[in-house]
Amino acid sequence: MFDESFDVIVIGAGHAGCEAASASARLGAETALVTINLDLIGQMSCNPAVGGIAKGHVVREIDALGGIMGRVIDRTGIQFRLLNRSRGPAVQSPRAQADRSLYRTEMRRVLEATPNLHLRQGAVVDLIIENNKVIGVEMQDTRRFGAKAVVVATGTFLNGTIHTGRRTFSAGRAGEPASIELAESLRRLGFPVGRLKTGTPPRIDGQTIDWDAFEPQPPDEKPVPFSFATEKIEQPQIQCFIGYTSERVHQTIRDNLHQSPLYSGKIKGIGPRYCPSIEDKVVKFADKDRHQLFLEPEGHNTNEVYLNGFSTSLPSALQLELLRMIPGFEQVQIIRPGYAIEYDFIDPREMRSTMESTRMDGLFLAGQINGTTGYEEAACQGLMAGINAAFSVQGRNAFALARDEAYIGVLVDDLIQHGVDEPYRLFTSRAEARLTLRHDNADQRLSPRGKEAGLLADSDWERFNKKRDRIANLRNALDFTRFRRSSVEYASISQILGCDLGDSITLSQLAMRQGSTSELIYRLLPGEMRSEVRIADLETALADSLYSGYIAKQRLATERVNHHDALKVPESFQFRTISGLSNEMVERLERARPQNFGQVRKIGGLTPAAVSAVLVHLTGYSAENTAQN
Ligand code: FAD
């Protein structure tokens, strides 16, 4: 009946599919990764970059659990930057620009080296069902593959429609066919389907750019890797550049909005609020006379440059005309024009926390198909789906993560509880426990879970245990080493911190003083310890102390939030007057018009930080008491 049979089939080798297939195979399930084009495994459809605020946290969580994205980007990243370096560790996040082609090659190499994993090229056109359980897939080329579980990770390909100016055509992304038959099959099976939209900027020819007209953006001197296993970033690092649009560009866009499929009404799907097109930016932020652009080279061996910040679906000729108005782009040539794409997604409220559909046994869904946007959001869903698909075949208990355990838990819970009404991306504000969900402690939080699942390699577990011991020793030293008035450093350090430190203070207490840094604490550690201490470990130990007080307040605030459901929201209440609420949060509140605080808490897509801000406003509690921001 089947040409081949597997335990698990993963459809799609994007960011979700790669993690899913890798996890499932490494857990011992015979796994097939089936995709339209094997040369495009791990293709980055848009920005060649991984990480960023909250997304970088997720990559580290994936790595801590035993996933692969962090290692692949560490080997192929060409510009690493730790974002928010000057702010608290809870909101710092790693980001790296990738060499797009190297990333694909490395991802394929990693997958091909994975035991139990079989790559198959071709388009899946239908699911084979028996007694409401998926038992295989049917390929366009007439092959039939059998499976005990199937993960669908088809990204933007389901009924994908590309728009550039007045032209509209069917595609999964530029140069690749849409998945129309599979989309129809899912609709036929009764899956609740919606439409979303996203877009991408033009890629331009680096040889036609006057680079001197742009401001260089250098990489970090000491690149911080994503993976806890990476000792050093070996790829040569490159510079990116920053530029700006101008009022003339904006006016020309305004004059030509009728040519934008977004504004002419052709595009019906809702786009990602936080990656708006340049047309959207010009209309929605009409008071701004310029918008920032990032010129990001796509790799070491290519002239192609990604123009971050200029996502557009205007006609190609107009894209070129607009770019040439920007100083430095007078001679620029476009290699690939920008475009917008509309695609089907499946309402994720029909999923379990294991990523398995409640509609059909053995069918798991992961990535953009669930209404999310972003490689990292896709990859972590793939990891969860891959683990659970393998577990379901092996009769093992479900693997789930709680909201206070990981950003991955927050994302999955948000999706299945609230669904999406616009492309969902992660933010730190979506997590109640964001002070504890730091990027640097992702391994402390999750590696024991990865080990228990059987995904973490023995060498990684050994490395993790050594690090855990080192940090425990450090915490001990910080709590018990006293810095005394008699120290030769006392005068200089009191001066640096601008205060008298009393007769004796522990290093943990000293670390909490304003102006204190990890370098300063390092200088005061016992001499015999100093030569062995790693600064990254010290930073983690210090962050634990720094946040310990806030964490207690965080818990208190959550409890408080849960006890005010009867509190009335006055009818005339203006949510816009609450400082710190984003436009998205205000819009969601205004749309829902809650009458009491209990209803506020139930509004889909409202972040915990926003819920807390509303409560503070309604009760008059001080912002400090809530410790949420
Ligand atoms: P994808 O990476 O899309 O991978 C899907 C895979 O499924 C592909 O390998 C494909 O070949 C395969 N496939 C599809 N159908 C079949 C089939 N029937 N049979 C076999 N294989 C199949 N994200 C952002 O965060 N910001 C942005 O600004 C942004 N802009 C984007 C712009 C564009 C034009 C596109 C296309 C995407 C953009 N994204 C953006 C989204 C980002 O690319 C996705 O979130 C991410 O790639 C999703 O990963 P995924 O694994 O779910 O799907």
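Within each chain, residue numbers correspond to sequence positions counted from 1 in written order. Under the rules for a predicted model, residues below a pLDDT of 70 receive no local features and side-chain atom pairs below 80 are neither given nor counted, while totals for whole chains, interfaces and linings still include all residues. Working from all heavy atoms in the structure, the side-chain values ignore hydrogens and water.

A. Structural detail: the overall build of the chain. Only runs of H or I of at least four residues qualify as helices and only runs of E of at least two qualify as strands under DSSP, and these elements are numbered from the N terminus. Each helix and strand counted, the chain has 21 helices and 24 strands in total. Atoms counted for the radius of gyration: C-alpha only. Globule rule: 2.2 Å times the number of residues to the power 0.38. Relative to a compact globule of 629 residues, whose C-alpha radius of gyration would be 25 Å, the chain shows 25 Å and is just as compact. Taken along the three principal axes of its C-alpha coordinates, the chain extends 80 × 60 × 60 Å. Buried means the residue's accessible area, taken with a 1.4 Å probe over protein chains only, is under 20% of the maximum for its type, while exposed means over 50%, and partly exposed covers the values in between. Considering the chain as a whole, with its 629 residues, one finds that 58% of them fall into the buried category. Pairs of residues are marked as contacts when any of their non-hydrogen atoms sit within 4.5 Å. Considering only residue pairs separated by 6 or more positions, the chain has 72% of its internal contacts joining residues 24 or more positions apart. Working definition of accessibility: Shrake-Rupley area with a 1.4 Å probe, residue cover restricted to the visible protein chains. Carbon and sulfur atoms form 48% of the exposed surface of the chain, whose accessible area is close to 26200 Å². Under this rule, positive means Lys or Arg and negative means Asp or Glu; His and the chain ends count for nothing. Where a charge sits is defined by one atom per residue type, namely NZ (Lys), CZ (Arg), CG (Asp) or CD (Glu). Side-chain charges in the chain split into 74 positive and 77 negative, and the spacing between the mean points of these groups amounts to 3 Å.

B. Representation of the site of the ligand within the structure. Around the ligand, a shell composed of 35 residues is seen, among which Ala16, Val124, Ser179, Gln368 and Gly374 lie nearest. Identification of polar contacts relies on pairs of N or O atoms within 3.5 Å, with a donor-acceptor requirement for protein atoms, meaning one able to donate a hydrogen and the other able to accept it, and with residues adjacent in sequence counted only if both atoms are side-chain atoms. Note that an oxygen atom of the ligand is positioned 3.2 Å from one of the backbone N or O atoms of Ala13. Within the side chain of Ser45, a nitrogen or oxygen atom sits 3.2 Å from an oxygen atom of the ligand. The protein chains hide 96% of the 990 Å² of surface that the ligand would expose on its own. As a working rule, the residues Ala, Val, Leu, Ile, Met, Phe, Trp, Tyr, Cys and Pro are called nonpolar, Asp, Glu, Lys and Arg charged, and the rest polar, with Gly in that last group. A per-class count over the shell around the ligand returns 16 nonpolar, 17 polar and 2 charged. Near is defined per residue: the residue qualifies when any heavy atom it owns lies within 4 Å of the molecule or strand.

C. View of unusual backbone geometry. Phi at Asn131 takes a positive value of approximately 50°, unusual for a residue other than glycine. Among the structural elements, Asn131 can be located in the loop between β8 (124–130) and β9 (133–139). Residue class for Asn131 comes out exposed when judged on its relative accessible area of 73%. With a phi angle near 50°, Asn159 is a residue other than glycine that sits in the positive phi range. Relative to the assigned elements, Asn159 resides in the loop between β11 (149–152) and β12 (161–164).

D. Up close: the side chain of Lys281. Position of Lys281 relative to the elements: it lies in helix α7 (residues 278–284). Comment: no salt bridge for buried Lys281; closest opposite-charge side chain is Glu279, at 9.1 Å. For Lys281, the residues in contact, after removing those within four places along its chain, are Pro276, Ala286, His291 and Gly309. Just to be clear on terms, a salt bridge is a Lys or Arg side-chain nitrogen sitting within 4 Å of an Asp or Glu carboxyl oxygen.

E. A look at the state of the cysteines. Our working definition of a disulfide is a cysteine sulfur pair at a distance within 2.5 Å. Taken as a whole, this structure holds 0 disulfides when the rule is applied. Here Cys275 is not disulfide-linked; the sulfur of Cys46 is the nearest cysteine sulfur, at 6.8 Å.

F. Region of the structure containing the pattern of salt bridges. In this structure the tally under the stated criterion is 52 salt bridges. Note that Arg254 is salt-bridged to Glu247, the shortest N-O span being 2.5 Å. Taken together, the salt bridges that share partners define one network made up of Arg273, Asp421, Glu422, Glu584, Glu587, Arg588 and Arg591.

G. Up close: the sheet that holds β12. Only when DSSP finds a minimum of two bridges between them are two strands counted as paired. Taken in spatial order, the 4 strands of this open sheet run β13-β12-β21-β14, and their pairing is antiparallel. The open sheet has two edge strands, β13 (167–170) and β14 (193–200), and neither has a second partner. Across the sheet, the axes of successive neighbouring strands diverge by a mean angle of 25°, strand direction being ignored. Summarising the sheet, β12 and strand β21 (residues 339–346) pair through 3 bridges and their orientation is antiparallel. Across the sheet, residue Ile162 finds its bridge partner in β21, namely Ile341. Only the stretch in contact is used when fitting a helix axis, every axis being a line fitted to C-alpha atoms; angles between N-to-C directions are given from 0 to 180 degrees.

H. Representation of the side chain of Asp205 within the structure. Following the sequence through the fold, Asp205 ends up in strand β15 (residues 203–205). Buried within the structure, Asp205 lacks any salt-bridge partner; its nearest side chain of opposite charge belongs to Arg324, at an N-O separation of 9.5 Å. At 2.9 Å, the side chain of Asp205 and the backbone nitrogen of Gln207 are in polar contact. Ignoring anything within four residues of it in the chain, the contact list for Asp205 reads Asn303, Gln333 and Ile335.

I. Geometry of the environment of Ile128. Tracing the backbone shows Ile128 in strand β8. Through-space distance from the C-alpha of Ile128 to that of Leu524 is 66 Å; in sequence the pair is 396 residues apart.

J. Representation of helix α4 (residues 100–112) within the structure. Here, expected helix span is obtained from the residue count minus one, scaled by 1.5 Å. Taking 1.5 Å per residue, 13 residues should reach 18 Å; α4 reaches 19 Å between its end C-alpha atoms and fits that length. Listing the buried residues of α4 in full gives Arg100, Tyr103, Arg104, Glu106, Met107, Val110 and Leu111.

K. Structural detail: the packing of helix α6 (residues 247–255) against helix α8 (residues 316–323). Packing of α6 against α8 brings their axes to within 9 Å, and their N-to-C directions diverge by 160°. With respect to their mutual orientation, α6 and α8 come out roughly antiparallel. Judged by the twist between their axes, the crossing of α6 over α8 is right-handed. Contact residues: α6 offers Val249, Thr252 and Ile253, while α8 offers Leu318, Glu321 and Leu322. Of the residues assigned to the contact of α6 with α8, the class counts are 4 nonpolar, 1 polar and 1 charged. Our angle categories are set so that under 35 degrees counts as roughly parallel, over 145 as roughly antiparallel, 65 to 115 as roughly perpendicular, and the remainder as oblique. By convention, the crossing between two helices is left-handed when the near helix turns anticlockwise from the far helix through less than a right angle, and right-handed when the turn is clockwise.

L. How the structure looks around the packing of aromatic side chains. Here is the rule: rings of Phe, Tyr and Trp (six-membered ring for Trp) pair when centre to centre is within 6.5 Å. Planes less than 30 degrees apart are stacked, more than 60 are edge-to-face, and the remainder are tilted. Applying the stated criterion across every chain, the model contains 7 aromatic pairs. Aromatic pair Phe80 and Phe226: ring centres 6.2 Å apart, planes at 55°, arrangement tilted. One end of the pair, Phe80, is in strand β5 (residues 77–83); the other, Phe226, is in the loop between β16 (215–217) and β17 (240–244), with 146 residues separating them in the sequence. By relative accessible area, which is 1% here, Phe80 ends up buried. A relative accessible area of 0% places Phe226 in the buried class. Geometrically, the ring pair formed by Trp461 and Phe464 is stacked, given 5.2 Å between the ring centres and 20° between the ring planes. Placement of both Trp461 and Phe464 in helix α12 (residues 458–480) is noted, with a separation of 3 residues, approximately one turn of the helix. Either the NZ atom of lysine or the CZ atom of arginine qualifies as a charge over a ring when it sits within 6 Å of the ring centre and within 35 degrees of the ring normal. One cation-aromatic arrangement involves Arg60 over Phe228; the distance from NZ or CZ to the ring centre is 4.8 Å. Taking the ring centre of Tyr244 as reference, the NZ or CZ of Arg290 above it sits at 3.5 Å.

M. A look at the packing of helix α2 (residues 55–65) against helix α11 (residues 442–453). Two elements in contact, α2 and α11, have axes whose closest approach is 7 Å; the angle formed by their N-to-C orientations is 35°. Crossing angle aside, the handedness with which α2 passes α11 is right-handed. Packed against α2, whose contacting residues are Arg60, Glu61, Ala64 and Leu65, the element α11 presents Ala442, Asp443, Arg445, Leu446, Ser447, Arg449 and Gly450 at the interface. Classifying every residue of the contact of α2 with α11 by side-chain character gives 4 nonpolar, 2 polar and 5 charged.

Taken by themselves, the reported measurements are silent on function.
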